[in-house]
Amino acid sequence: MTDNVKSLNAEAIRHAERGEFNDAITCLKCAIQMEKENYILWLNLGITYRDAGEIALAKQALEKAFEIYP
């Protein structure tokens, strides 16, 4: 991961830990725009969606992570 992507991922994790799921999702989506095939970002997005109660979106993100890295 590039430094900027790593920073966005780390920021997303911090937001999620505080229950700031919308901010975490925004960070992860920005990172994904930079590295669309980074399965870790998709995995973290799926987990964050799940924690936010967005189960359908969580499933989509997790399926994308699995598609990239089965």
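Our structure is the block above this text.
Residues numbered from 1 in each chain as written. Predicted model: local features only at pLDDT ≥ 70, side-chain atom pairs only at ≥ 80, totals over all residues. Heavy atoms only, no water.

Observations concerning helix H1 (residues 3-17)
Then, number 1: The end-to-end C-alpha distance of H1, which contains 15 residues, comes to 21 Å, matching closely the 21 Å that a straight helix rising 1.5 Å per residue would cover.
Then, number 2: Restricting attention to buried positions, one finds in H1 the residues Val 5, Leu 8, Asn 9, Ala 12 and His 15. The buried residues of H1 occupy one face: seen down the axis, they fall within an arc of 120 degrees. Pointing more than 90 degrees away from the buried face of H1 are the exposed residues Asp 3 and Glu 17.
Then, number 3: Close packing links the buried residues of H1 with helix H2 (21-34) and helix H3 (39-51).
Then, number 4: Trailing H1 by a residue or two, Gly 19 shows a phi angle of about 80 degrees, which is positive. (Helix = DSSP H or I, 4+ residues; strand = E, 2+ residues; numbered from the N terminus. Expected span 1.5 Å × (residues − 1). Buried < 20%, exposed > 50% of the residue type's maximum accessible area, 1.4 Å probe, protein only. Arc of directions from axis to C-beta. Contact = heavy atoms within 4.5 Å.)

A few points about a nonpolar patch on the surface
Then, number 1: Residues Tyr 39, Ile 40 and Tyr 69 make up a contiguous nonpolar surface patch of roughly 280 Å² in combined accessible area.
Then, number 2: Looking at where Tyr 39 falls in the secondary structure, it is placed in helix H3.
Then, number 3: Exposure remark for Tyr 39: the relative accessible area of 31% places this residue in the partly exposed category. (Patch = residues over 30% accessible without salt bridge, like charges linked within 9 Å, V, L, I, M, F, W, Y side chains within 5 Å. Areas by Shrake-Rupley, 256 points an atom, 1.4 Å probe, with all protein chains shown as cover. Salt bridge = Lys/Arg side-chain N within 4 Å of Asp/Glu carboxyl O.)

Concerning the side chain of Asn 9
Then, number 1: Relative to the elements of secondary structure, Asn 9 occurs in helix H1.
Then, number 2: When its relative accessible area of 9% is taken as the criterion, Asn 9 is described as buried.
Then, number 3: Among the polar contacts made by the side chain of Asn 9, one reaches the side chain of Asn 44 at a distance of 2.8 Å. (Polar contact = N/O pair within 3.5 Å; in protein donor to acceptor, adjacent residues only side chain to side chain.)

Focus: H3
Then, number 1: With 13 residues, H3 ought to run about 18 Å at 1.5 Å a step, and its terminal C-alpha atoms sit 18 Å apart, in line with that.
Then, number 2: Taken as a whole, H3 has its buried residues at Leu 41, Trp 42, Asn 44, Leu 45, Gly 46, Thr 48 and Tyr 49.
Then, number 3: A distance of 3.0 Å separates the backbone nitrogen of Ile 40 from a side-chain oxygen at the start of H3, and that oxygen is part of Asn 38.
Then, number 4: Where H3 ends, the next residue or the one after it, Gly 53, has phi of about 85 degrees, a positive value.

Bear in mind that shape data such as this cannot, by itself, settle questions of function.
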